[in-house]
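Coordinates in review
Here is how the chains run, residue by residue.
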Amino acid sequence: MYEPILDALRRGATAEALSAAEQAVAADPQDAAAHRLHAAALRLGGDREGAVAAIDRAIGLAPEDAQLHLERAGALLDGRQLDEAQAALATAIGLDPNQFPAYIVKAHLAIARGDLDEAERLGRIAARIAPGHPQVAAVEGSLALRRGDNDRALTVLSQAASLAPEDAQIIHALAFAYLAKGHLAFAEQAFLTLAERQPEQPTLQLMIADLMRRQQRFGEAADRVAAVAQREDAGFGVQRWLGELELDAGRPERALPALRSALAVIPDDPRTLNAIMEAWRRLDDVDDARRTLESALATHADLPNLWRARLALEPFAEAGAIEVIERWQQAMPDHLGALEARAAVHDYLGERAQAEAIAHRIVELHPGDVRAEMRIVQGLAETDPDAAAERIERLISLSPDPLVKRELRQLLGRAFDLAGQPEAAAATWAELHAEVIDQRLPRNTISRRNAAEWPAMAPVADGAQGVLLLWGAPGSRVERFAQMLTAVGAPLLVDRYGEQPPTDPLQRYGTVEELLAGTLDPAFLVKMYRAALPARGAAEGPVFDWLLWWDNALLRALRPYLPEAMMLIAVRDPRDMLLDWLAFGSTTPYALETPEAGARWLAQTLDQVVDLHEGNLFPHNLVKLDEIVDDPGALAQAVADTLRIQVSLPNDLSLGGVRLAPGRWREYTGPLGEAFALLKPVARRLGYPEN
């Protein structure tokens, strides 16, 4: 869309650049990027005032975009102040008053379009005409900023500001150098200095507001933007941003008028809708939300985002939601979003035939639609697995997306499983695991079984805060127990599986080796564990911690220094565990090179569990999930029995679909016989039948 403009700017083709930019602005007047490129084209053509006006329109649409403010500073370099300064300089030293400004302006224009090498060349020419001139330093500093050399930018622009402390353009560039270095208060002060000289300049007020926002001063930022929003030329983006800032400041009642104004301009803008929906939520005013959205739909019934917002106000799958979906379908027949919403309701109500019928309709309208195809093959997998496998293989051959292909192959393995083809299913799943070994975690090393005496169990101190350590090996379905704990209100810490896991010793792989080598003091391990809990969000009272891995070597620390803890270990028949791991992966994303390698490691891991259980090495509960993993009521009872509490099961609780029934491993003794043989001894120790 923008390439014709950019190409013309690179070639210096002013007329072409202007024509292409004007077409882009006419096509979408609310596109800030189009106005930005229009400004660059106007600057190239020498229209100084027009360029500034265009960049101001872009800022009105995206007031929090710092790059737009930086480019505005460049546009201002074309202005009258520079001409007057250079004319005075020419008089003093005999320069051509038109030559030096031209190089400076061209250099900044090159920076604006990203041609940094050309900007550097022009800057060098300008430096030969007027060595040491502050405007040359402004070019050098701006170049350094664009190249990421923020330290040099700050040094050069600080020196320029000392030589020309009244030069607004240099102060502007210096403010951005402070911003790049993260010196928000200094950047704010620089912009405030400019704002004192140009109190009617709205873009400066918006930049100052953004700096206040970055310093978490949301109320001050909103107040400053509010003054700009009252101007007749305030863009849609200013109103939207004002509403968002008012929400950040905790003032939803003040956010609502601004967001209404923005919604009136672009009724289906996702950011505006998200913000205004949040304002209504905080004000608990669903009636006003319904009235406003219905009014918008009365004149804009062809905007799907409005329908989605309206639908979100109704309880899912209830009469009100169904009525909204029906009106959406009447207004936009065969619209993908409306069809998907109706299918989701059918799914929720258990109306699978109707949901699949809609999926077939979607595929007719949008051949290759991934979600619809998935719905169809999932239905076929249970009613006609052979047909499902055939359809999936066709989709795999047609899909260009590697991730979609992988998801389809996973589903293909499941279809083979349901079709009674265990060899094909196991081979498909094993191939999928083998392909991503380098993207998975290595399995933690299992310490040797210790026949020596363990440290004595310390007595539990009076008033000690209880600690429950939850863990299960791959395939144990421990995640179901974790879901149930959370559902009944236990403050389970799940951050070990999130984007910001703790760095305590129970997270690090090398902890076991350090304990055994004596390089990690057991008492210090527990001290570090306790110290990390507050930052992890552990509430007052018992701690519920879902562990990433387990090794009995940890008992060297837990027995003497964390006696108030209790282990809760989820297990199933080890053969079913291996099959589940192969078919569905594991919560801890371990690498699984081959089923045999996984079985060997799983056997060692579970042998430690049995050692702990038989030797009663630490307070624990061994919870067998074989028969209860898909039964919410039985799982809730297991939680109640384990914690010795009464639990109340939420009415709308859904744990997810049924996977593989207990004992399913027996159908895989052909392709996985060698792996199952490795697990037979530990299965016997856990009390499961050998065959």
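Before reading further, recall that the structure is shown in the block above.
Okay, so let's go over this structure.

Reading the values: the criteria
- Residues numbered from 1 in each chain as written.
- Predicted model: local features only at pLDDT ≥ 70, side-chain atom pairs only at ≥ 80, totals over all residues.
- Heavy atoms only, no water.
- Helix = DSSP H or I, 4+ residues; strand = E, 2+ residues; numbered from the N terminus.
- Buried < 20%, exposed > 50% of the residue type's maximum accessible area, 1.4 Å probe, protein only.
- Contact = heavy atoms within 4.5 Å.
- Patch = residues over 30% accessible without salt bridge, like charges linked within 9 Å, V, L, I, M, F, W, Y side chains within 5 Å.
- Areas by Shrake-Rupley, 256 points an atom, 1.4 Å probe, with all protein chains shown as cover.
- Salt bridge = Lys/Arg side-chain N within 4 Å of Asp/Glu carboxyl O.
- Lys, Arg positive; Asp, Glu negative; His and termini not counted.
- Charge placed at Lys NZ, Arg CZ, Asp CG, Glu CD.
- Core = buried A, V, L, I, M, F, W, Y, C linked by side-chain atoms within 4.5 Å.
- Pairing = 2+ DSSP bridges.
- Phe/Tyr/Trp six-rings, centres within 6.5 Å; stacked < 30°, edge-to-face > 60°.
- Lys NZ or Arg CZ within 6 Å of the ring centre and 35° of its normal.
- Axes fitted to C-alpha atoms, helices over the stretch in contact; angles between N-to-C directions.
- Expected span 1.5 Å × (residues − 1).
- Left-handed = near helix turned anticlockwise from the far one by under 90°.
- Nonpolar A, V, L, I, M, F, W, Y, C, P; charged D, E, K, R; others polar.

1. Some remarks on the overall build of the chain
Counting its regular elements, the chain contains 34 helices and five strands. Across its three principal axes, the chain shows a C-alpha extent of roughly 100 × 65 × 50 Å. By residue count, 51% of the 691 residues in the chain fall in the buried class. Contacts spanning at least 24 positions in sequence make up 65% of the contacts within the chain whose residues lie at least 6 apart.

2. A closer look at a negative patch on the surface
Together, Asp384, Asp386, Glu390 and Glu393 give the surface a local cluster of negative charge. Here glutamate 390 is to be found in helix α24 (residues 385–398).

3. Let's talk about the nonpolar core
Ranked by size, the top nonpolar core spans 78 residues in total, and within it Trp550 and Leu606 carry the most contacts. Discounting residues that sit within four places of it in the chain, leucine 606 has contacts with Ala473, Val571, Pro574, Met577, Val682 and Leu686. Core analysis: the second largest hydrophobic core is formed by 60 residues, Ala164, Ile171, Ala190 and Leu194 among them.

4. Let's talk about the pairing of strand β1 (residues 467–472)
Burial within β1 is extensive, with six of its six residues counted as buried. Side chains Val467, Leu469 and Trp471 project from β1 onto one buried face, and the interleaved Leu468, Leu470 and Gly472 project onto a second face that is buried too. With four bridges connecting them, β1 and strand β3 (residues 543–546) associate as parallel partners. Looking at β3, one finds that leucine 470 is bridged to tryptophan 546. Relative to strand β4 (residues 565–571), β1 is paired through six bridges, and the arrangement is parallel. Counterpart to glycine 472 in the pairing with β4 is alanine 570.

5. Details of the packing of aromatic side chains
Per the stated rule, a full pass over the model turns up eight aromatic pairs. Centre to centre, the rings of tryptophan 429 and tyrosine 668 are 6.3 Å apart; their planes meet at 25 degrees, and the pair counts as stacked. Placement of tryptophan 429 in helix α26 (residues 422–435) and of tyrosine 668 in the loop between α33 (632–643) and α34 (673–685) is noted, with a sequence separation of 239 residues between them. Tyrosine 668 matches tryptophan 429 in its accessibility class, with the two residues each being buried. The structure contains a cluster of three or more aromatic residues connected by ring pairs, namely Trp581, Tyr590 and Trp601. Above the ring of tyrosine 688, the side-chain terminus of lysine 624 is found at 4.5 Å from the ring centroid.

6. Side note on unusual backbone geometry
A positive phi angle, close to 70 degrees, is found at alanine 317, a residue other than glycine. Looking at the element boundaries, alanine 317 is found in the loop between α19 (304–312) and α20 (319–331). Positive phi outside glycine occurs at arginine 477, with the angle close to 65 degrees. Given a relative accessible area of 2%, arginine 477 falls into the buried group.

7. Some thoughts on the environment of valine 526
Along the polypeptide, valine 526 turns up in helix α29 (residues 522–532). On the accessibility criterion, valine 526 (3% relative accessible area) is buried. In sequence terms valine 526 and leucine 554 are 28 residues apart; their C-alpha atoms lie 9.9 Å from each other. Residues contacting valine 526, with those up to four places away along its chain left out, are Ala557, Tyr561 and Leu562.

8. As for the sheet that holds β4
Read from one edge to the other, the open sheet built from five strands follows the order β2-β3-β1-β4-β5, with strand pairing classed as parallel. The outermost strands of the open sheet, each flanked by one partner alone, are β2 (492–493) and β5 (620–624). Here helix α27 (residues 478–487) sits on the sheet and contacts β1, β2, β3, β4 and β5; the angle it forms with β1, its principal contact strand, is near 145 degrees.

9. Thoughts on the pairing of β4
Of all seven residues in β4, six are buried; the element is thus mostly enclosed. Relative to β5, β4 runs parallel, the two sharing five bridges. Each residue of the ladder has a partner; that of valine 571, found in β5, is lysine 624.

10. A few points about helix α21 (residues 336–348)
Taking 1.5 Å as the rise per residue, α21 with 13 residues should run 18 Å; its terminal C-alpha atoms sit 18 Å apart, in good agreement. Residues of α21 that are buried include every one of Gly337, Ala338, Leu339, Glu340, Ala341, Arg342, Ala343, Val345 and His346, and no others. On its buried face, α21 sits against α19, α20, α22 (352–365) and α23 (370–383). Of the residues flanking the end of α21, it is glycine 350, one or two places downstream, whose phi is positive at about 75 degrees.

11. Quick notes on the pattern of salt bridges
Considering all chains together, one arrives at 55 salt bridges under this definition. Across the pair glutamate 120 and arginine 124 runs a salt bridge whose closest N-O atoms are separated by 3.9 Å. Here arginine 124 and glutamate 120 lie together in helix α8 (residues 116–129), a separation of four residues that amounts to about one turn. Assessed through its relative accessible area of 31%, glutamate 120 is described here as partly exposed. Taking relative accessible area as the criterion, arginine 124 reaches 44% and is therefore assigned partly exposed. Among the salt bridges present, the one from glutamate 323 reaches arginine 327, with a minimum N-O distance of 2.7 Å. Here glutamate 323 pairs with arginine 327, and both are found in helix α20, just four residues apart, close to one helical turn. One continuous salt-bridge network, built from bridges that share partners, spans Asp287, Arg290, Glu294, Arg310, Glu314, Glu323 and Arg327.

12. Side note on the environment of aspartate 268
One can find aspartate 268 in the loop between α16 (252–265) and α17 (270–283). With 28 residues separating them along the chain, aspartate 268 and alanine 296 place their C-alpha atoms 9.4 Å apart. Excluding anything up to four places from it in sequence, aspartate 268 contacts Leu273, Leu303 and Asn305.

13. Things to note about the side chain of aspartate 611
Checked against the element boundaries, aspartate 611 lands in helix α32 (residues 595–615). Ignoring sequence-local partners within four residues, the contact set of aspartate 611 consists of Arg449, Asn552, Asn616, Leu617 and Arg685.

14. Looking at the packing of α16 against α17
At a minimum axis distance of 9 Å, the contact between α16 and α17 shows a crossing angle of 150 degrees. Considering only the axes of α16 and α17, their crossing is left-handed. Here Pro252, Glu253, Leu256, Leu259, Arg260, Ala262 and Leu263 of α16 come into contact with α17, specifically with Thr272, Leu273, Ala275, Ile276, Ala279, Trp280, Arg282 and Leu283. Residue classes in the contact of α16 with α17 are distributed as eleven nonpolar, one polar and three charged.

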